[in-house]
Protein chains: 2
Amino acid sequence: MLVVKKFGGTSVANKERIFNVAKRCIEDYKKGNQVVVVLSAMGKQTDVLLDMAKDINPKASRRELDMLLTTGEQTSVALMAMAMDSLGVPAVSLNAFQVAMHTTADYGNARLKKIDTERIKFELDNRRIVVITGFQGISKYDDLTTLGRGGSDTTAVALAAALHADACEIYTDVDGVFTADPRVVSNARKLDEITYDEMLELASLGAGVLHNRSVEMAKKYGVQLVVRSSLNTTEGTVVKEESKMEKMLVSGVATDKNVAQIAVEGLENKPGVAFKLFQHLANHQVNVDMILQSVEHGGTQDICFTVTEDMSDVAMETLKRHADTSLKCEKMAIVKDVAKVSVVGAGMMSNPGVAAKMFEALYDAGVNIRQISTSEIRVTVLIDQKYTEVAAQAVHDAFALEK
Amino acid sequence: MLVVKKFGGTSVANKERIFNVAKRCIEDYKKGNQVVVVLSAMGKQTDVLLDMAKDINPKASRRELDMLLTTGEQTSVALMAMAMDSLGVPAVSLNAFQVAMHTTADYGNARLKKIDTERIKFELDNRRIVVITGFQGISKYDDLTTLGRGGSDTTAVALAAALHADACEIYTDVDGVFTADPRVVSNARKLDEITYDEMLELASLGAGVLHNRSVEMAKKYGVQLVVRSSLNTTEGTVVKEESKMEKMLVSGVATDKNVAQIAVEGLENKPGVAFKLFQHLANHQVNVDMILQSVEHGGTQDICFTVTEDMSDVAMETLKRHADTSLKCEKMAIVKDVAKVSVVGAGMMSNPGVAAKMFEALYDAGVNIRQISTSEIRVTVLIDQKYTEVAAQAVHDAFALEK
């Protein structure tokens, strides 16, 4: 069996943890498995390097930043191979050049294009554990690139796909994917299984267990993922295509407090106004999430939307700068103390009652809904932030997710 | 003009120094020159990484050590390119993979085989300063290698040779090559010129300004070196083939306290005994320097030799282990408080009076000579360590090197 195992920066933050990971991988190796390990940079090393760069040049080019950041993973893989060696198991570390991890040239946010597996297979055939730098690649110009935060998950999935691995295990500091954030909903339950689509909705809602692109890639190449804890041996959550078992109506409840609502009232109701508004925001790298456009009243209309809270000031400044020229309106307002609460479930596609049940639960709990958005397998409501926990618990209870 | 400039770890140890180096390189660039910069790892970073490795696995493989150590130079070149960029000059950093710095696979002590210049020339043609990792290379297996301590000098010379550079400047923390160590001989004088051969003798005598292999390579490819200070703009010392000017009888006096003398007395005088003795030492990586073999007396002979002091205990243990079997002798003794004092000069080849003049100066200064060795352009004496400074000054005076 060929297994790809990915460990994040926290799991290799110091000597003790490096040896824990080494032992865990060696257990697998001693069962006769071929083991590929993908690592992130140690602890907060990426942030340390970013700070060094910022100190030298706050506007450093992404190309040079990637040249700097990629030293982080190279350090962890070399130390890991040394640790495994010292435990008597042959190991070899490989960086993006050695694997030939081809990516686009979008420094800081590159996408994997192709992975050569020759060297990895050679090392595996020689019964070595292969320890590979996550997060990094090389462009067609032979320059180092990085895949963006959380990119090591994507590296692991891509390697699993390229090597036709039998398993791809993503180790993290939680036991798996839960029906809700256990810090928010006390009786949240670990899921045994979840579909790629559900995981994608949860990841984009900020559940933060898996990097979104890694799930997309896993879905595309049919790589079955396991999310599990690096701290204990609990079975994790399997992420895969829909199983034959009855589809879960709702798999989980997600909450997200990093959100702000912006209302633009009394906009001229003429073609192109909404386009201009969102164009201005896009020009300033502001991603817009839930959008609500009112029906016309008296020749004007209102547009309401959400952005992440950390981009909300940029968004407001941008809009105000254009308020007198291209964006004539009566009023602009921002509310920061809001939160999103979502239910996600592959089963809701064929069951129209989910939204109604969610709204009922919120009503019963006295939570007012400010805005609604839905996808095929998700219903999201925007509420006052102070009700986040109450709302999540109420919805969790309504769908009996603890069972 | 194409210039290769090499700066050591001290010169890039912090932000301020990085910017000093950046400005220095930019001055050259703004004169219209093409500038290639070779850097070592920042400050004591190589030692920091070695300590990390030691903590994980004291017997870490050289292959993994090199994987770890090479992150050091990659960090400095990325930061340097960022610094240059922030000063408004386009720069690009390149590591051993990107340059394609081919070496042997002798991890930790690899030798450069071939350098691809395509990428460097492309960047230079685009008017960028090219900042290259010193000390490192890649083997035919695509593994990272290091060239051994001081290897960045060799990288710089090799690049200068491959690029047919007009100048190769080695920046250091002293003003150039001196007639003697200024800390030992107060009126030591900076040399304007020195030949490759003299520099080689001085380097191997521990003068420590240039890495020996870099001088060998410079001689082989006719790369004219300049050794100069990174702290000021003093003209440095040019290292080159003999000039047309009159050969210096003596260029400098070198001292070396890292030495111990071992005497093996009453050895059987039969063929193969000396061979066995030095074979045992070679098997334990002990390099032997000055060797003195006595004439036979009463069927036995004595052998006296020097080793570096840090290897002297290993040498003695090795010899004692074989004293009863293959190395029958009457007595083994070691003296650690000795030192070597040497005079070096390309002119002495054609002038036999140098040794005599040196011995006379030492006699006048009351310094006893324990052992003598010579090469074509060098005379070395072994003396009691406490007389090192007295001897160096006496010899320096005798040849009027201060003038």
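Going by what an unreviewed UniProt entry lists, chain A is known as Aspartokinase and is assigned to Jutongia hominis. Among the UniProt annotations of chain A, the heading Sequence similarities (unreviewed entry) holds the following wording: "Belongs to the aspartokinase family." Per UniProt, the comment on chain A under Function (unreviewed entry) is "Catalyzes the phosphorylation of the beta-carboxyl group of aspartic acid with ATP to yield 4-phospho-L-aspartate, which is involved in the branched biosynthetic pathway leading to the biosynthesis of amino acids threonine, isoleucine and methionine."

Novice: Teacher, can you tell me more about the overall build of chain A here?
Specialist: A tally of helices and strands in chain A yields 12 helices and 20 strands. The globule rule puts the C-alpha radius of gyration for 403 residues at 22 Å, and the 23 Å found for chain A is close to it. Expressed along its principal axes, the backbone C-alpha trace of chain A runs to roughly 75 × 50 × 35 Å. Buried residues in chain A amount to 54% of all 403 residues. Contacts spanning at least 24 positions in sequence make up 74% of the contacts within chain A whose residues lie at least 6 apart. When the accessible surface of chain A is summed, it comes to about 17400 Å², and 49% of that surface belongs to carbon and sulfur atoms.

Novice: Would you take a moment to explain the side chain of T75 of chain B for this structure?
Specialist: Tracing the chain through its elements places T75 of chain B in helix α3 (residues 62-86). What makes T75 of chain B buried here is its relative accessible area of 11%. The contacts of T75 of chain B, once residues within four sequence positions are left out, are M52, L68 and T71 of chain A together with M42 of chain B.

Novice: Looking at this model, I keep getting lost on the environment of T71 of chain B. Mind explaining?
Specialist: Secondary-structure assignment places T71 of chain B in helix α3. With a relative accessible area of 4%, T71 of chain B lands in the buried category. Taking the C-alpha atoms as reference, T71 of chain B lies 9.0 Å from T46 of chain B; in sequence the two are 25 residues apart. Not counting chain neighbours up to four residues away, the residues in contact with T71 of chain B comprise T71, Q74 and T75 of chain A together with L49 of chain B.

Novice: Hey, could you run me through the relation of the copies chain A and chain B in this one?
Specialist: One copy of the chain maps onto the other through a rotation about an axis plus a displacement along that axis. Turning chain A through 180° and shifting it by 0.1 Å along the axis lays it on chain B, with an RMSD of 0.1 Å. Such a combination of rotation and displacement between the chain copies is what one expects of a two-fold axis. Considering only C-alpha atoms, the part of chain A nearest the rotation axis is T71 of chain A, at 2.6 Å. Both copies present the same face, since 100% of the interface residues in chain A are matched by interface residues at the equivalent positions in chain B.

Novice: Looking at this structure, how should I read the nonpolar core?
Specialist: Within soluble globular proteins, side chains that are nonpolar generally end up buried alongside one another. Residues M84, I120 and I129 of chain A together with M84, I120 and I129 of chain B are the most contacted members of the largest nonpolar core, which totals 166 residues. Among all residues touching I129 of chain B, those that are not within four sequence positions of it are C25, I26, Y29, V35, V37, M84, V89, P90, A91 and V92 of chain B.

Novice: In this structure, what is going on with the pairing of strand β13 (residues 252-256) of chain B? I would like to understand it.
Specialist: Put simply, side chains in a regular strand alternate between the two faces of the sheet. Residue and element names in this part refer to chain B. Where burial is concerned, most of β13 is hidden: 5 out of the 5 residues are buried. Across the two faces of β13 the burial is the same, with G252, A254 and D256 and V253 and T255 all buried. Direction of pairing for β13 relative to strand β18 (residues 338-344): antiparallel, over a ladder of 5 bridges. Of the residues in β18, the one forming a bridge with G252 is V344.

Novice: How do you make sense of the packing of aromatic side chains when you look at a structure like this?
Specialist: Given two aromatic rings, one states the distance between the centres and the angle between the planes to describe the pair. All names here are of chain A. One pass over the full model with this rule turns up 5 aromatic pairs over all chains. Measuring from centroid to centroid gives 5.5 Å for F278 and F305, while their planes differ by 75°, and the two rings are edge-to-face. Of the two residues, F278 is situated in helix α9 (residues 273-283) and F305 in strand β16 (residues 300-307); the sequence distance between them amounts to 27 residues. Judged by its relative accessible area of 0%, F305 falls in the buried class. Looking at R127, its charged tip hangs above the ring of Y29, at a distance of 4.1 Å from the centre.

Novice: Looking at this structure, how should I read helix α10 (residues 312-321) of chain A?
Specialist: In an α-helix, one turn spans 3.6 residues, which is why side chains three or four residues apart end up on the same side. Residues and elements named next belong to chain A. Every buried residue of α10 is listed here: S312, A315, M316, T318 and L319. Projected down its long axis, α10 carries its buried residues within an arc of 160°, all on one side. In this fold, the buried residues of α10 make contact with β14 (260-268), α9, β16 and β17 (331-335).

Novice: I would appreciate a short explanation of the sheet that holds strand β14 (residues 260-268) of chain B in the present structure.
Specialist: In a beta sheet, neighbouring strands are held together by backbone hydrogen bonds and run either parallel or antiparallel to one another. All names here are of chain B. Taken in spatial order, the 4 strands make up an open sheet running β15-β16-β14-β17, and their pairing is antiparallel. With one partner strand each, in any of the chains shown, β15 (288-293) and β17 (331-335) form the two edges of the open sheet. Here the strands of the sheet are splayed against their neighbours by 15° on average, with no regard to which way each runs. Pairing geometry for β14 and β17, over 5 bridges, is antiparallel. The residue of β17 that forms the bridge with Q261 is V335. In this fold helix α9 (residues 273-283) packs onto β14, β15 and β16 (300-307), with an angle of close to 25° to the strand it touches most, β16. Strand contacts of helix α10 (residues 309-321): β14, β16 and β17, with the helix running at about 20° to β14, the strand carrying the most contacts.

Novice: What's the story with the side chain of T172 of chain B in this structure? I'm lost.
Specialist: Residue and element names in this part refer to chain B. With respect to the helices and strands, the residue T172 is situated in strand β9 (residues 167-172). The exposure class assigned to T172 is buried, which follows from its relative accessible area of 14%. One polar contact links T172 to D173, side chain to side chain, over a distance of 3.2 Å. T172 has contacts with V209, V227, R228, S229 and S230, leaving out every residue within four places of it along the chain.

Novice: What's the story with the interface of chain A and chain B in this structure? I'm lost.
Specialist: Note: interface size is frequently given as the accessible area lost on complex formation between the parts. The interface is formed by 40 residues belonging to chain A together with 40 residues belonging to chain B. Around 3100 Å² of area is buried between chain A and chain B when both sides are counted, 61% of it from carbon and sulfur atoms. Among the salt bridges present, the one from D55 of chain B reaches K15 of chain A, with a minimum N-O distance of 3.3 Å. Where chain A touches chain B, the interface holds 18 residue pairs in polar contact (both at pLDDT 80 or more).

Novice: Explanation requested: unusual backbone geometry in the structure shown.
Specialist: Trans is the prevailing form of peptide bonds, just as negative phi is the prevailing case for residues other than glycine. Residue and element names in this part refer to chain B. Located in the positive-phi region is F135, a residue other than glycine, with phi close to 75°. Here F135 is to be found in the loop between β6 (129-133) and β7 (136-138). Look at F135 and you get buried, because its relative accessible area is 10%. Even without being glycine, H164 reaches a positive phi, approximately 50°.

Novice: Where do I start with the sheet that holds β18 of chain B in this structure?
Specialist: Residue and element names in this part refer to chain B. One open sheet accounts for 4 strands, arranged β13-β18-β20-β19; its pairing is antiparallel. A single partner strand is all that each edge strand has here, and the edge strands are β13 and β19 (371-375). Averaged over all adjacent pairs, the angle separating strand axes in this sheet is 20°, with direction ignored. Bridging between β18 and strand β20 (residues 378-384) involves 7 bridges; their strand directions are antiparallel. Across the sheet, residue K340 finds its bridge partner in β20, namely L382. Packing against the sheet, helix α11 (residues 353-364) makes contact with β18, β19 and β20, and its axis sits at approximately 20° to β20.

Novice: How do you make sense of the UniProt feature "domain: ACT" (unreviewed entry) in chain A when you look at a structure like this?
Specialist: Residues and elements named next belong to chain A. In the UniProt entry, the feature "domain: ACT" (unreviewed entry) is given for residues 262-334 and 343-403. Spanning residues 262-334, this segment combines 29% helix with 34% strand, and its end C-alpha atoms are found 4 Å apart. Between the end C-alpha atoms of residues 343-403 the distance is 16 Å, and the span holds 38% helix and 23% strand.

Novice: For this particular structure, what's the right way to read the pattern of salt bridges?
Specialist: According to the stated counting rule, one finds 42 salt bridges over all chains in the structure shown. The partner of K6 of chain B in a salt bridge is D153 of chain B, and the shortest N-O contact between them spans 2.9 Å. Taken together, the residues span a long stretch of sequence, with K6 of chain B in strand β1 (residues 2-7) and D153 of chain B in helix α6 (residues 151-162) at a distance of 147 residues. When its relative accessible area of 9% is taken as the criterion, K6 of chain B is described as buried. Look at the salt bridges and you will find they share partners, linking R63, E64 and D143 of chain A together with R119, E123 and R128 of chain B into a network.

Reading the values: rules and limits
- Residues numbered from 1 in each chain as written.
- Chains lettered and ligands numbered in written order.
- Predicted model: local features only at pLDDT ≥ 70, side-chain atom pairs only at ≥ 80, totals over all residues.
- Heavy atoms only, no water.
- UniProt positions renumbered as here; feature names shortened; annotations may be inferred.
- Helix = DSSP H or I, 4+ residues; strand = E, 2+ residues; numbered from the N terminus.
- Rg over C-alpha atoms; globule rule 2.2 N^0.38 Å.
- Buried < 20%, exposed > 50% of the residue type's maximum accessible area, 1.4 Å probe, protein only.
- Contact = heavy atoms within 4.5 Å.
- Areas by Shrake-Rupley, 256 points an atom, 1.4 Å probe, with all protein chains shown as cover.
- Least-squares fit on C-alpha atoms with pLDDT ≥ 70 in both.
- Core = buried A, V, L, I, M, F, W, Y, C linked by side-chain atoms within 4.5 Å.
- Pairing = 2+ DSSP bridges.
- Phe/Tyr/Trp six-rings, centres within 6.5 Å; stacked < 30°, edge-to-face > 60°.
- Lys NZ or Arg CZ within 6 Å of the ring centre and 35° of its normal.
- Arc of directions from axis to C-beta.
- Axes fitted to C-alpha atoms, helices over the stretch in contact; angles between N-to-C directions.
- Polar contact = N/O pair within 3.5 Å; in protein donor to acceptor, adjacent residues only side chain to side chain.
- Buried area = accessible area lost by both parts, 1.4 Å probe.
- Salt bridge = Lys/Arg side-chain N within 4 Å of Asp/Glu carboxyl O.

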